[in-house]
Amino acid sequence: MNALFAKGDENVKKVKAALLKDKVVEVWEINTAIEGTGENAGKYESCYYNGYITEFELTANAEDFTEYSLTVGVFGEPKDGYATLTQEQLEAAQYVFKDTVVQTAAESNS
């Protein structure tokens, strides 16, 4: 999986430490393309699980973000549900995931 971090984010150190010290991490995979409805309105489809990080490497740098590829050895049963994202997290996710179709300026700003 890939993870996006703001440049200088202290969580990069925490992830590296979890890898080196063989510590359990919590992971949420969030699909920002699928919004919840009803009691899950304002949330996004997600999957939560625990595991050990077995690989962690820098794959790309951008102006404000760094992207890492990591592999997690999952244990237990993943749980599906809906997760809340802050506006900052949502904007970072939108920065990464763009369609391959050319967009007009108006579409890009929506």
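Nothing here was measured: the structure is a model prediction, and the numbers come from that model.

> Hey, could you run me through the sheet that holds strand β1 (residues 2-6) in this one?
One key point about sheets: their strands pair by backbone hydrogen bonds, in either a parallel or an antiparallel sense. Ordered in space as β1-β4-β3-β2, the four strands form an open sheet in which the pairing is antiparallel. Only two strands of the sheet have a single neighbouring strand rather than two, namely β1 and β2 (24-35). Ignoring which end each strand starts from, the neighbouring axes of this sheet average 50° apart. Of the strand pairs in this sheet, β1 and strand β4 (residues 65-83) are connected by five bridges, and their pairing is antiparallel. The partner of Phe5 across the bridge, within β4, is Thr66. Strands in contact with helix α1 (residues 11-20) are β1, β2, β3 (44-61) and β4; relative to β3, the strand with the most contacts, it is inclined by about 90°.

> How should I be thinking about the pattern of salt bridges in this particular structure?
Charged atoms that come close allow side chains of opposite charge to pair. Counted under the stated rule, the structure contains one salt bridge. Glu10 serves as the salt-bridge partner of Lys13, at 3.7 Å between the closest nitrogen and oxygen. For Lys13, a relative accessible area of 56% puts it in the exposed group.

> What exactly am I supposed to notice about α1 here?
Along an α-helix, a turn takes 3.6 residues, which lines up residues three or four apart on a common side. Listed in full, the buried residues belonging to α1 are Val12, Val15 and Ala18. Buried positions in α1, seen along its axis, are confined to an arc of 125° and lie on one side of it. Opposite the buried face of α1, by more than 90 degrees, sit the exposed residues Lys13, Lys14 and Leu20. Considering only its buried residues, α1 is in contact with β1, β2, β3 and β4. Downstream of α1 by a residue or two, Asp22 has a phi angle that is positive, lying close to 55°.

Conventions and cut-offs
Residues numbered from 1 in each chain as written. Predicted model: local features only at pLDDT ≥ 70, side-chain atom pairs only at ≥ 80, totals over all residues. Heavy atoms only, no water. Pairing = 2+ DSSP bridges. Helix = DSSP H or I, 4+ residues; strand = E, 2+ residues; numbered from the N terminus. Axes fitted to C-alpha atoms, helices over the stretch in contact; angles between N-to-C directions. Contact = heavy atoms within 4.5 Å. Salt bridge = Lys/Arg side-chain N within 4 Å of Asp/Glu carboxyl O. Buried < 20%, exposed > 50% of the residue type's maximum accessible area, 1.4 Å probe, protein only. Arc of directions from axis to C-beta.

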